[in-house]
Amino acid sequence: MKTLILYATRHGSTAEAARRIAARMPNCDVKNIKTDAFQLADYDRILIGSYIRMGMFDRKIRALLLKEIAVLREKTFGIFVCCCFSENAQTYFQNNVPPQLLEVAEATAALGGVLERKNLHGWDKYVANMVLKADHTRGILHTFSLDGAGIADFAKKMQNAD
């Protein structure tokens, strides 16, 4: 079964998660939606990954999900997000993935994310600092990283979905 992992990344976490998933799956191509050519029809299994920014998937990923509902429903399909607040994953999926796709997805997963404040600029940096400061004053300390066990579990679910 030929697999496509199609992703959008902003600061690199989703690209790294896509590479780690691909390492666990045979016959797999990894493509960045913004820079790489791809044809969904060439694949039997399609995994789509996006970063989350202000609660939203990448614009091109959202557009593809809406445009290709019929094609994706005919494939073995899964979707993952990379985000620092995985506890909001269900809301992210419900707000960004058409219900017709969520109902046929073999797996959905929030795989964590890396927050490097030194790489943030402008509004992203401002919001990240505000959230982290507010949580810190409530005694909540965050450590951000990709979820290795979650990546393994997602890859396994998608492999078993044949």
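For the structure given in this document, a descriptive report is provided here.

Rules and cut-offs
Residues numbered from 1 in each chain as written. Predicted model: local features only at pLDDT ≥ 70, side-chain atom pairs only at ≥ 80, totals over all residues. Heavy atoms only, no water. Helix = DSSP H or I, 4+ residues; strand = E, 2+ residues; numbered from the N terminus. Buried < 20%, exposed > 50% of the residue type's maximum accessible area, 1.4 Å probe, protein only. Contact = heavy atoms within 4.5 Å. Areas by Shrake-Rupley, 256 points an atom, 1.4 Å probe, with all protein chains shown as cover. Salt bridge = Lys/Arg side-chain N within 4 Å of Asp/Glu carboxyl O.

Our next topic: the overall build of the chain. In terms of helices and strands, the chain carries seven helices and five strands. Sequence-ordered secondary structure for the chain, helices as α and strands as β, is β-α-β-β-α-α-β-α-α-β-α-α. A burial count over the chain gives 45% of its 162 residues as buried. Sequence-distant contacts in the chain: of pairs separated by 6 or more residues, those separated by 24 or more amount to 78%. For the chain, the accessible surface area stands at approximately 8,700 Å², while carbon and sulfur atoms represent 48% of it.

Now for unusual backbone geometry. One non-glycine residue, Asn27, adopts positive backbone phi at about 50 degrees. Mapped onto the elements, Asn27 comes out in the loop between α1 (13-22) and β2 (28-32). In this structure, Met54 is a non-glycine residue whose phi angle is positive, near 55 degrees. Within the fold, Met54 resides in the loop between β3 (45-51) and α2 (59-67).

With that settled, consider the pattern of salt bridges. Between side chains of opposite charge, a pair can form when the charged atoms approach closely. Within this structure, the stated rule accounts for five salt bridges. As a salt-bridge pair, Glu16 and Arg19 come within 3.1 Å of each other at their nearest N and O atoms. One end of the pair, Glu16, and the other, Arg19, are both in helix α1, three residues apart, so they sit about a helical turn from each other. With relative accessibility at 27%, the residue Glu16 sits in the partly exposed group.

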